[in-house]
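# What the coordinates show
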Amino acid sequence: MNSVNTFMGALVLLLPSLCLSQPTTERPFTVSVIAYSSPLQKVYLLKYDKKVTKIDSAMIDSMNNTIMLHGTEREESHYKVLFTKNGGRVDLAVTGGEEVGITYRLSSTATNTVEMRRGLSIEGSPVSQEMLRWDTISTNYKIWARQLDELIDELRQQRTGEQEMKRMEAKRLQLWTEDFDRTFDFVRTTGSSVCAYIGLISAMVSVEFHPQIGRDKELAVLVEYAQKRFPDSKLGKIALLGYEPNNSLARVAKSVSPLLSKFAEPIILPDTLSRAASSTRRGKYVLIDFWASWCKPCRQESPHLLEAHRRFKDKGLAIYSVSIDEDKEQWLKAIAKDGVGQWTHVIDQRAFNSDYIKKYGITAIPANFLVDPQARLSLLICVVRTWSRRWRNCCEA
């Protein structure tokens, strides 16, 4: 399962791609953003390649709710428009010469990605529209399955309702299978290499994470199709490094995440009292948690971090949370509101320009790393809620 976490953690840095016919020079493109009901916040245009590159940024609010972001591009590549206060993000597949338009009706009550996207529309980029439609439906499946996960865990802890638990497990398996089958069709029908390999990576993760769905042969068919359909895709060459049919994704994960098993880069940043605080903890496992107050998925992890802290703090686990907030006041408010002040919190106000973001190869948050007692990176974690059982097995071994 470690390979899945590594692979999903690396998913967002595998998205640039080549079309079958590419221009030879860079051409300008624009992204216009209209955001209704927006608080005062900075909006970034970020390019996701082997690293995250800030291309442009602008301030937006409810009065000045229209901005224009600019870039240049030679080939179809993956970008994100990131809203720093509410954690909204828009994935784009942009080609030079395009004039992309985003209209976003921001909601302060949205609790998950699907709810946040209900007020989102994209114009001027058919590939981005296609990616949004698929990703929204796929995310729906994952949210439903996650809700069943939580109900199953509750029943398992209570040791009651065995029949109901079996019924929920069957429904969860159905959701996983339907999600894979939809993704299979998406990859086979899209004309975009970006969309194809985004979908293919999602399918590879599904097969590794949920072997119960029994789709190994279908995955091998999908890989062969993508290789033949988009033979010149740089994304494909990166995504399929080390892939072998019916084999674990461990080799793939290792090839795209060379940090594993190496010594962790020590982090020293100011804590909540402006004192220099180090991530080094001799003889302990350290969960390094990169997050920000404006990142809703990060904030949704808070209860699971609290649970991990409660259960494992006396078994050798320390938590070291690194915020990439630019606004220190918002960071402190988020710590207080979520009630997570029991462990070390530090801030790097350079945000995505942080040296640590680059050294740890982070392209999206939340991003979590487990450092072993020998100070080696031993695990990349997508979400803490899926990790607790593995940590329990580790510390009880």
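Residues numbered from 1 in each chain as written. Predicted model: local features only at pLDDT ≥ 70, side-chain atom pairs only at ≥ 80, totals over all residues. Heavy atoms only, no water.

## What to know about unusual backbone geometry
A positive phi angle, close to 60°, is found at Ser37, a residue other than glycine. Of the residues examined, Ser37 reaches a relative accessible area of 58% and is grouped as exposed. Positioned with a positive phi, Ser274 is a non-glycine residue whose angle comes to about 65°. Within the secondary structure layout, Ser274 lies in the loop between strand S9 (268-270) and strand S10 (276-278). (Buried < 20%, exposed > 50% of the residue type's maximum accessible area, 1.4 Å probe, protein only. Helix = DSSP H or I, 4+ residues; strand = E, 2+ residues; numbered from the N terminus.)

## Describing the nonpolar core
Ranked by internal contacts, the top residues of the largest apolar core, which has 43 residues, are Ile267, Ile288, Phe290 and Ile365. Contributing elements (two or more residues each) for this core: strand S2 (41-48), strand S11 (285-291), helix H10 (302-312), strand S12 (317-323), helix H11 (328-338), strand S13 (344-347), helix H12 (355-359) and strand S14 (367-371). A total of 5 residues in this core trace back to one element, the largest contributor, which is S11. Dropping the residues within four chain positions of it, Phe290 is found in contact with Ile267, Val322, Tyr356, Ile357, Tyr360, Ile362, Ile365, Pro366, Ala367, Asn368 and Phe369. Residues Trp134, Tyr141, Met168 and Ala203 belong to the second largest nonpolar core, which totals 34 residues. (Core = buried A, V, L, I, M, F, W, Y, C linked by side-chain atoms within 4.5 Å. Contact = heavy atoms within 4.5 Å.)

## A short note on the packing of aromatic side chains
Across all of its chains, the model carries 8 aromatic pairs by this definition. Relative to Trp144, the ring of Tyr141 has its centre 5.6 Å away and its plane inclined at 70°; by these criteria the two rings are edge-to-face. Here Trp144 and Tyr141 lie together in helix H3 (residues 126-158), a separation of 3 residues that amounts to about one turn. Residue class for Trp144 comes out partly exposed when judged on its relative accessible area of 40%. Each ring, one from Phe180 and one from Phe184, has its centre 6.5 Å from the other, and the planes form 35°; the classification is tilted. Remark: Phe184 and Phe180 occur in helix H4 (residues 162-189); sequence separation between them is 4 residues, near one turn of the helix. Phe184 carries the same exposure label as Phe180, and that label is buried. Of the aromatic side chains, those joined through ring pairs into one cluster are Phe290, Tyr360 and Phe369. For the cation-ring pair, Arg105 lies above Tyr36, with the distance from its terminal atom to the ring centre recorded as 4.3 Å. Taking the ring centre of Tyr225 as reference, the NZ or CZ of Arg188 above it sits at 4.5 Å. (Phe/Tyr/Trp six-rings, centres within 6.5 Å; stacked < 30°, edge-to-face > 60°. Lys NZ or Arg CZ within 6 Å of the ring centre and 35° of its normal.)

## Regarding the pattern of salt bridges
Across all of its chains, the model carries 14 salt bridges by this definition. Ionic pairing is found between Asp91 and Arg89, a salt bridge with its closest N-O pair at 2.1 Å. One salt bridge connects Glu265 with Lys359, and the closest N-O pair in it is separated by 3.4 Å. Of this pair, Glu265 sits in the loop between helix H8 (250-256) and S9 while Lys359 sits in helix H12; the two residues are 94 residues apart in sequence, bridging distant segments of the chain. Relative accessible area serves as the criterion here: at 33%, Glu265 is assigned to the partly exposed category. Look at the salt bridges and you will find they share partners, linking Lys80, Arg89 and Asp91 into a network. (Salt bridge = Lys/Arg side-chain N within 4 Å of Asp/Glu carboxyl O.)

## Notes on the pairing of S14
Counting buried residues along S14, 5 of its 5 residues qualify, which places the element largely inside the surrounding structure. Taking every second residue as pointing to the same face, both faces of S14 are buried, with Ala367, Phe369 and Val371 on one and Asn368 and Leu370 on the other. Pairing between S11 and S14: 5 bridges, direction antiparallel. Note on S14: the bridge partner recorded for Phe290 is Ala367. (Pairing = 2+ DSSP bridges.)

## Some thoughts on the sheet that holds strand S4 (residues 66-73)
With mixed pairing, the 4 strands of this open sheet are ordered in space as S4-S1-S7-S8. At either margin of the open sheet sits one strand with a lone partner, and together these are S4 and strand S8 (120-123). Looking at each pair of strands side by side, their axes are set apart by 15° on average, direction ignored. As defined by bridge partners, strand S1 (residues 27-36) adjoins S4 across 8 bridges and the pair is classed as antiparallel. In the strand pairing of S4, Val31 is matched with Leu69. (Axes fitted to C-alpha atoms, helices over the stretch in contact; angles between N-to-C directions.)

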